[in-house]
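# A structural walkthrough
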Amino acid sequence: MTVDDPQYYVQGVLEFNRRVLAKTITLIESSLPAHQELARTIIDLLIPYTGKAVRLGITGVPGVGKSTFIESLGTMLVKKGRRVAVLAVDPSSKRSGGSVLADKTRMEKLSVEAKAFIRPSPSGGTLGGVARKTRETMIVCEAAGFDVMIVETVGVGQSETTVASMVDFFLVLMIAGAGDELQGIKKGILELADAVAVNKADGDNIEKAKQTRKEYESALHLRMPETRTWSAPVLICSALKMTGIDNIWETVLDHRKKFTETGELEEKRKKQSVAWMKELLEEGIKEWFYRKNDFRKSLKKLIRDVEKGSVSPTFAAADLLKVLDDK
Ligand SMILES: Nc1nc2c(ncn2[C@@H]2O[C@H](COP(=O)(O)OP(=O)(O)OP(=O)(O)O)[C@@H](O)[C@H]2O)c(=O)[nH]1
Ligand SMILES: [Mg+2]
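Positions within a chain are numbered from 1, following the residues in the order the chain's sequence is written. Here every chain gets a letter starting at A, and every ligand a number starting at 1, in the order they are written. For a predicted model such as this one, the threshold for reporting local features is a pLDDT of at least 70, and the threshold for listing and counting side-chain atom pairs is 80 or more; totals across whole chains, interfaces and linings nevertheless cover every residue. Remark: hydrogens and water are excluded; side-chain values derive from all non-hydrogen atoms of the structure.

## Regarding the layout of surface pockets
Let me state the cut-off plainly: Only protein atoms enter the 1 Å grid, on which a cavity is a set of points fitting a 1.4 Å probe that cannot get out and a pocket is an open set with protein on both sides within 12 Å along at least 5 of 7 lines, lining residues being those with an atom within 4 Å of a point. Grid points are joined across faces, edges and corners, and a volume is the space filled by probe spheres set on the points. For helices the rule is a DSSP run of H or I covering at least 4 residues; for strands it is a run of E covering at least 2, with both sets numbered from the N terminus onward. Gly is put with the polar residues, along with every residue not named as nonpolar or charged; the nonpolar set is Ala, Val, Leu, Ile, Met, Phe, Trp, Tyr, Cys and Pro, and the charged set is Asp, Glu, Lys and Arg.
When its volume is computed, the largest pocket comes out at roughly 1,100 Å³. Lining the largest pocket are 36 residues; nearest its centre among them are Arg-132, Glu-136, Trp-276, Met-277 and Leu-280. For the lining of the largest pocket, the element with the most residues is helix α13 (residues 264-291), which contributes 13 residues. Considering only residue class, the lining of the largest pocket consists of 11 nonpolar, 12 polar and 13 charged.

## Regarding the packing of helix α14 (residues 293-308) against helix α15 (residues 313-325)
Quick reminder of the rule: An axis is simply a line fitted to the C-alpha atoms; with a helix, the fit covers only the stretch in contact. Between two such axes, the angle follows the N-to-C directions and lies from 0 to 180 degrees. Reported orientations rely on four angle classes, namely roughly parallel under 35 degrees, roughly antiparallel over 145, roughly perpendicular from 65 to 115, and oblique for the rest. Throughout, a contact is declared for two residues whenever any of their heavy atoms are within 4.5 Å.
Contact geometry for α14 and α15: axes closest at 10 Å, N-to-C directions at 170°. By the angle between their directions, the pair α14 and α15 is classed as roughly antiparallel. Taking contact as the criterion, the partners of Phe-295, Ser-298, Leu-299, Leu-302 and Val-306 in α14 are, on α15, Pro-313, Ala-316, Asp-319 and Leu-320. Across the contact of α14 with α15, the residue classes break down as 7 nonpolar, 1 polar and 1 charged.

## Points about unusual backbone geometry
Let me state the cut-off plainly: Only protein chains enter the area calculation, which uses a 1.4 Å probe; residues under 20% of their type maximum are buried, those over 50% are exposed, and those in between are partly exposed.
You will see that Phe-16, though not glycine, has its phi angle at about 60°, which is positive. Mapped onto the elements, Phe-16 comes out in the loop between α1 (6-14) and α2 (18-29). Owing to a relative accessible area of 22%, Phe-16 belongs among the partly exposed residues under this scheme. Of note in this structure, Met-242 is not a glycine but carries a positive phi near 60°. Within the secondary structure, Met-242 is located in the loop between β7 (234-236) and α12 (245-262).

## Some remarks on the sheet that holds strand β5 (residues 169-175)
The following threshold applies: DSSP calls a pair of strands paired once it identifies at least 2 bridges connecting them.
Pairing is parallel across the open sheet formed by 7 strands, whose spatial order is β3-β2-β4-β1-β5-β6-β7. Of all the strands in the sheet, just β3 (116-118) and β7 have a single pairing partner and so form its edges. Across the sheet, the axes of successive neighbouring strands diverge by a mean angle of 20°, strand direction being ignored. Looking at chain direction, strand β2 (residues 84-88) and β3 are connected through 3 bridges and run parallel. Counterpart to Val-86 in the pairing with β3 is Ile-118. Docked against the sheet, helix α4 (residues 66-79) engages β1 (54-60), β2, β3, β4 (148-154) and β5, running at close to 175° with respect to β4.

## Let's talk about the environment of Phe-170
The topology assignment puts Phe-170 in strand β5. According to the relative accessible area criterion, Phe-170 is buried, its value standing at 1%. In the structure, Phe-170 is positioned 20 residues away from Ile-150 in sequence and 9.9 Å away in space, judged by C-alpha atoms.

## Things to note about empty space enclosed by the protein
As enumerated under the stated definition, the model contains 2 cavities of 30 Å³ or more in all. If you trace the largest cavity, you find it lined by Val-54, Arg-55, Asp-168, Phe-169, Val-252, His-255, Arg-256 and Leu-265. Put simply, the parts of the chain that give the lining of the largest cavity at least two residues each are β1 and α12. Looking at the lining of the largest cavity, its residues break down into 4 nonpolar, 1 polar and 3 charged. Approximately 30 Å³ is the volume found for the second largest cavity. Around the second largest cavity sit Glu-29, Leu-87, Ala-88, Arg-119, Pro-120, Pro-122, Thr-134 and Thr-137, which together line it. Class assignment for the residues of the lining of the second largest cavity results in 4 nonpolar, 2 polar and 2 charged.

As structure tokens, then:
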């Protein structure tokens, strides 16, 4: 089999061949059209082998302890016999030459585990592009037999909504302390949370963490329960001392059990798949549109006209969209 044969990758991934796994992910991350087409075929062939893994998303502001938490949770899960893949969505990856490096060193215990796989965020491009690559990588990892996917993102942009849309369970990490921190949380992020964990509950910080937990509990009570089956609990943990981590994992499993029984998990995943397809479709339409040469010329001219004020934005847009009527 040659390296442009999809079967080479599919078989390698299914056999848990690490070298082929890495090669497949490199294809997914490549921007060459030929690679992307090959990657699409591979993904399509691998999809039937996926769906069983626990998909867990984790967010929190820089410094909250995401990497330390994932290291602790990951090593705990590996000890339980799980295979853990850690992926990241960080569209601002330009800054993260450092972050990737830092994570490699911070997750030093997990990264040497044979049953673990750590892949830093695909770099460059739009959030949509980074998310697509991470979603596809997730599929490849699941097909390879990883049964826990941890997707990490820094909670400072749109990326947490994106990650929440690709996982079964979304965990928001918080830090104990300053009372006004509650106000500092981006509106909407608590809406996404299936659980909140107050991290760094160790040493002198334990009492503060308990206090913060109470504050978040009342903040969360103000919102509607997520579903009839679930309302997000607030937990405390220390990623550093590895306390409370098992409790958080139990919560993830409890959520999974309940959502499986009610059919909500399947429903959630269906919705996510359709939303993903629509996202790709819209992206594709935009790309196709902007690639058209005659369109680009008219666009340039109309931009100048709109700037001058000789044509209204409404008219200009309608005029450009006329190309669609010709088809
Ligand atoms: N005391 C204490 N310190 C912690 C805990 N978890 C993380 N830290 C420390 O907090 C600092 C930041 O931890 P990271 O795990 O790198 O945080 P992060 O959220 O991954 O940060 P970014 O990658 O920059 O977004 C490090 O110095 C950790 O050692 C904890 O549970 N207790
Ligand atoms: Mg980190």
